[in-house]
Amino acid sequence: MYQGLVHLHSALRWVILILLIICLIQSFTKNEKIAKTSLWLLISSHIMLLLGLFQYFNSETVGFHMIERLGGFGNVMKDSFARFWVVEHISAMIIAIILITMARGRAKTLKFGPAMWMYLIALLLILAAVPWPFREAIGRPWFPGM
């Protein structure tokens, strides 16, 4: 079951990126369909947040348990792999989801300018914090035996 949630979390990344780009284009072109698209983006991003928090607190390899395994938060901050998963990924994603939620309120009332900026910043944060395959520093195992 856990592995299925990991795959769902990974697949939802593409849904969110596509919806976020659509919302960004709709806010830039002042398209009134943004009210509906932004709702789907909001729902999918909050589901993603719940899946991510579940993984953060229940995973043995990434997330909260890394602090214990590495012997404290200071050691986590020294290791780029652990720092990415314990601090950077979750912080950037929570900020991006907060921006998506705030932008949804602006999009619902058709305030295109503020929504566009919030969606743009959220997109940049998500692109920076996704563990892309070409990011070698975060793709290596962080403890022996893995």
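What counts, and where the lines are drawn
- Residues numbered from 1 in each chain as written.
- Predicted model: local features only at pLDDT ≥ 70, side-chain atom pairs only at ≥ 80, totals over all residues.
- Heavy atoms only, no water.
- Helix = DSSP H or I, 4+ residues; strand = E, 2+ residues; numbered from the N terminus.
- Buried < 20%, exposed > 50% of the residue type's maximum accessible area, 1.4 Å probe, protein only.
- Polar contact = N/O pair within 3.5 Å; in protein donor to acceptor, adjacent residues only side chain to side chain.
- Contact = heavy atoms within 4.5 Å.
- Salt bridge = Lys/Arg side-chain N within 4 Å of Asp/Glu carboxyl O.

Trainee: Teacher, can you tell me more about the overall build of the chain here?
Mentor: Tallying secondary structure elements over the chain gives 6 helices and 0 strands in all. Beginning at the N terminus, the succession of helices and strands in the chain can be written as α-α-α-α-α-α. Overall, the C-alpha framework of the chain stretches about 55 × 30 × 25 Å when taken along its three principal axes. Looking at the chain as a whole, 40% of its 146 residues are labelled buried.

Trainee: Is there a simple way to explain the side chain of Arg 104 in this structure?
Mentor: By the secondary structure assignment, Arg 104 is in helix α5 (residues 80–108). A polar side-chain atom of Arg 104 sits 2.5 Å from the main-chain carbonyl oxygen of Ala 35. With sequence-adjacent residues up to four places away left out, Arg 104 is seen in contact with Ala 35, Ser 38, Leu 39, Leu 42 and Tyr 119.

Trainee: Mind showing me how you'd approach the pattern of salt bridges here?
Mentor: For side chains of opposite charge, pairing can occur when their charged atoms come near one another. For the structure on display, the rule yields 1 salt bridge. Here Glu 88 ties to Arg 83 by a salt bridge, and the two come within 3.0 Å at their closest N and O atoms. Glu 88 gets classed as partly exposed once you look at its relative accessible area, which sits at 35%. For Arg 83, a relative accessible area of 24% corresponds to the partly exposed category.

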